[in-house]
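Descriptive analysis of the structure
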Amino acid sequence: MPHSVWVSKQLGRPVIKAFNNILAHSLAGLGRPEGSAGRLAIAVAGDDVRSKQIVGLVVNETGFDPVDAGSLDESWRQQPGTPAYCCDYDAEKTRKGLAAAVKRETPKKLERLIDLYRQRGSNITHADVVAMNRSLNPLD
């Protein structure tokens, strides 16, 4: 089961999964006004439509386009090793990345990502992280 489903069960409360598929650097400095060309997107998954709408408003207010990532059961599509994870994509490409995720491939890709981090050592830049994530799951 996806981690977010497990957390929801442990809490006995609905969970909305957002802000996990964006890097801290992107969140802190790459937000743009609504309607800006190339505005980055953040996936939002959950089972409660109203709660997802509220979180989507928060995502928008922080300078990013909210993208509906489906139910909490589908939230694995925005975890490490997937095409929508930490790639600094706009809404269109984020939707494409969510749709392109293949569950059985994700663990292998995550292991590859960890290997790439190890190879780079401690001098990994934001651009390096984005490039490594994109290289695992090319969308073009």
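Here, the structure is the one placed above.
Residues numbered from 1 in each chain as written. Predicted model: local features only at pLDDT ≥ 70, side-chain atom pairs only at ≥ 80, totals over all residues. Heavy atoms only, no water.

1. Re the packing of helix α5 (residues 106–120) against helix α6 (residues 126–136)
Formally: Axis lines are fitted through C-alpha atoms, for helices just across the contact stretch, and the angle between N-to-C directions can take any value from 0 to 180 degrees. In this description a helix means any DSSP run of H or I spanning at least four residues, a strand means any run of E spanning at least two, and both kinds are numbered starting from the N terminus. Two helices that cross are described as forming a left-handed crossing if the nearer one is turned anticlockwise from the farther one by less than a right angle, and a right-handed crossing if clockwise. Contact definition: two residues touch when any of their heavy atoms are within 4.5 Å. Throughout, the ten residues Ala, Val, Leu, Ile, Met, Phe, Trp, Tyr, Cys and Pro are labelled nonpolar, Asp, Glu, Lys and Arg are labelled charged, and all others, Gly among them, are labelled polar.
At a minimum axis distance of 10 Å, the contact between α5 and α6 shows a crossing angle of 145 degrees. For the pair α5 and α6, the sense of crossing is right-handed. Contacts between α5 and α6 involve Lys109, Arg112, Leu113, Leu116, Tyr117 and Arg120 from the first element and Asp128, Val129, Met132, Asn133, Ser135 and Leu136 from the second. Its residues assigned to classes, the contact of α5 with α6 shows 6 nonpolar, 2 polar and 4 charged.

2. Observations regarding the pattern of salt bridges
Selection rule: We define a salt bridge as a side-chain nitrogen of Lys or Arg found within 4 Å of a carboxyl oxygen belonging to Asp or Glu. Three exposure classes are used, based on accessible area relative to the maximum for each residue type with a 1.4 Å probe and protein chains only: buried under 20%, partly exposed in between, and exposed over 50%.
A full pass over the atoms with the stated rule returns 6 salt bridges. Here Arg39 ties to Asp65 by a salt bridge, and the two come within 2.7 Å at their closest N and O atoms. Of this pair, Arg39 sits in the loop between α2 (24–29) and β2 (41–46) while Asp65 sits in strand β3 (residues 65–68), and the two are 26 residues apart along the sequence. A relative accessible area of 22% places Asp65 in the partly exposed class. Its salt-bridge partner being Arg120, residue Asp128 comes within 2.7 Å of it at the nearest N-O pair.

3. Brief notes about the nonpolar core
The line we're drawing: Throughout this description, the term nonpolar core refers to a set of buried Ala, Val, Leu, Ile, Met, Phe, Trp, Tyr and Cys residues connected via side-chain atoms within 4.5 Å.
Counting 9 residues, the largest nonpolar core consists of Leu23, Tyr85, Cys86, Leu113, Leu116, Val129, Val130, Met132 and Leu136. Secondary structure elements with two or more residues in this core: α5 and α6. Tallying contributions element by element places α6 first for this core, with 4 residues. If near-sequence neighbours (up to four positions away) are discounted, Met132 is found in contact with Leu113, Leu116, Tyr117, Arg120 and Ile124. Within the second largest apolar cluster, 8 residues are counted, among which are Ala41, Ala43, Val67 and Ala69.

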